[in-house]
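For reference, the chains in residue letters:
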Amino acid sequence: MPRTLITGGAGFLGSHLCDHLLTKGHEVICMDNLLTGNENNIAHIRSDKFAFVKHDVTNYIEVDGRLDYILHFASPASPDDYLQFPIQTLKVGSLGTHKALGLAKAKKAAFLLASTSEVYGDPLVHPQKESYWGNVNPVGPRGVYDEAKRFAEALTMAYHRAHGVDTKIVRIFNTYGPRMRLKDGRAIPNFLRQALEGENLTVYGDGNQTRSFCYVADLVEGLYRLLLSGCNEPVNLGNPNEMTIEEMARKILQLTGSRSRIDYLPLPQDDPKVRQPDIANARSYLGWEPRVGLEEGLRETIAYFKKTLELQKTWTRP
Ligand code: UDP
């Protein structure tokens, strides 16, 4: 039975990975400092092959016994979060990645780094292939995330080349689904909560900027394939279905049946104007491509948001 550590395991993606690897027969150690993760995301797990450890991976990571895989997913991931926690974001991408790689080396474990489409910054090449080096403002407010992840990629490749650690790097494009926080700050959770609560949807800028949204179950399948693959170079995972943010807001209004309207607010600094993954490498090396359509994925996510909002009302009722 493989024994696997997931840092950031109580977060949105990390918790789905815990579920997936348990169904694939792994013993899972979930590590999280709960800065942006939440124990509710793993509260349903009943397996005796699962353990939660509260730990900040920017400090030395101690795990007893064998480890076969380390999935390094710890990091704030919403622009709102990394604006609120800029130093923690830089530390977990740099110091945290160093500790996790050191552990992988000591345990002879395979290592998967959660990197991001943000390494491409505000891209001048479209769609983005892995060979594109990106257009990042290192000193802008998003630089704390983008540069931390770029450093994390460089460190990961250095551990691969210098120490022979079996490393993989995934560049994750916008992903959505159940367990995103109601106040996560990213476009889909914001729009869903606003639509369901009868608030106006907050579109930043004119809404013509584009993103390409992938449903979480598709992403997790791609991550699993990458983990087992021999790909040591970065691989994009995401859904190439590109749309404008205004189109997304309107789709959410339609699917929720909400009568909310759209408010146009200022565009945050360095907000990328376009983003779409080129997934040719994932297709050919992993035999992977996304399968869940936008409406199907959004309906699942809407059901989760409705349930969570209901629960919240029950808790706050006197
Ligand atoms: N956005 C928006 N309204 C919101 C939240 C985000 O219009 O309430 C925009 C944001 O400016 C960006 C896009 O939606 O252009 C995607 O933002 P998100 O925070 O989801 O992720 P990003 O792709 O920027 O990391």
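Draft legend 1. Quick peek at the packing of helix α5 (residues 187–197) against helix α9 (residues 294–316). Taken N-terminus to C-terminus, the directions of α5 and α9 make an angle of 60 degrees; their axes are 10 Å apart at the nearest point. Considering their axes alone, α5 and α9 lie oblique with respect to each other. As for the relative orientation of α5 and α9, their crossing is right-handed in sense. Mapping the contact onto sequence places Ile188, Pro189, Leu192, Arg193, Leu196 and Glu197 in α5 and Leu298, Thr301, Ile302, Phe305, Lys306, Leu309 and Lys313 in α9. Tallied by class, residues from the contact of α5 with α9 come to 8 nonpolar, 1 polar and 4 charged.

Draft legend 2. Looking closely at the sheet that holds strand β2 (residues 27–32). Spatial strand order, β3-β2-β1-β4-β5-β6-β11: 7 strands in an open sheet with parallel pairing. Single-partner strands in this sheet number two, and they are β3 (50–54) and β11 (235–237). Each strand axis lies, on average, 20 degrees off the axis of its neighbour in the sheet, ignoring direction. Here β2 pairs with β3 via 5 bridges, running parallel. The residue bridging Ile29 from the neighbouring strand is Ala51, located in β3. Across the sheet, helix α4 (residues 143–163) is in contact with β5 (110–116) and β6 (167–172); its angle to β5 comes to roughly 155 degrees. Docked against the sheet, helix α6 (residues 216–228) engages β4 (69–72), β5, β6 and β11, running at close to 160 degrees with respect to β6.

Draft legend 3. Representation of the state of the cysteines within the structure. Inspection of every chain in the model, using the stated rule, returns 0 disulfides. Cysteine Cys18 remains unbridged, with the sulfur of Cys30 as its closest cysteine sulfur at 4.1 Å. Taking relative accessible area as the criterion, Cys30 reaches 0% and is therefore assigned buried.

Draft legend 4. Quick look at the packing of helix α1 (residues 12–23) against α6. Here α1 crosses α6 at 65 degrees, and the two axes come no closer than 10 Å. Handedness of the α1/α6 crossing: right-handed. When α1 is examined against α6, the residues Phe12, Leu13, His16, Leu17, His20 and Leu21 are found in contact with a partner set consisting of Val216, Leu219, Val220, Glu221, Leu223, Tyr224 and Leu227. Looking at the contact of α1 with α6, its residues break down into 10 nonpolar, 2 polar and 1 charged.

What counts and what doesn't
Residues numbered from 1 in each chain as written. Predicted model: local features only at pLDDT ≥ 70, side-chain atom pairs only at ≥ 80, totals over all residues. Heavy atoms only, no water. Axes fitted to C-alpha atoms, helices over the stretch in contact; angles between N-to-C directions. Helix = DSSP H or I, 4+ residues; strand = E, 2+ residues; numbered from the N terminus. Parallel < 35°, antiparallel > 145°, perpendicular 65-115°, else oblique. Left-handed = near helix turned anticlockwise from the far one by under 90°. Contact = heavy atoms within 4.5 Å. Nonpolar A, V, L, I, M, F, W, Y, C, P; charged D, E, K, R; others polar. Pairing = 2+ DSSP bridges. Disulfide = S-S within 2.5 Å. Buried < 20%, exposed > 50% of the residue type's maximum accessible area, 1.4 Å probe, protein only.

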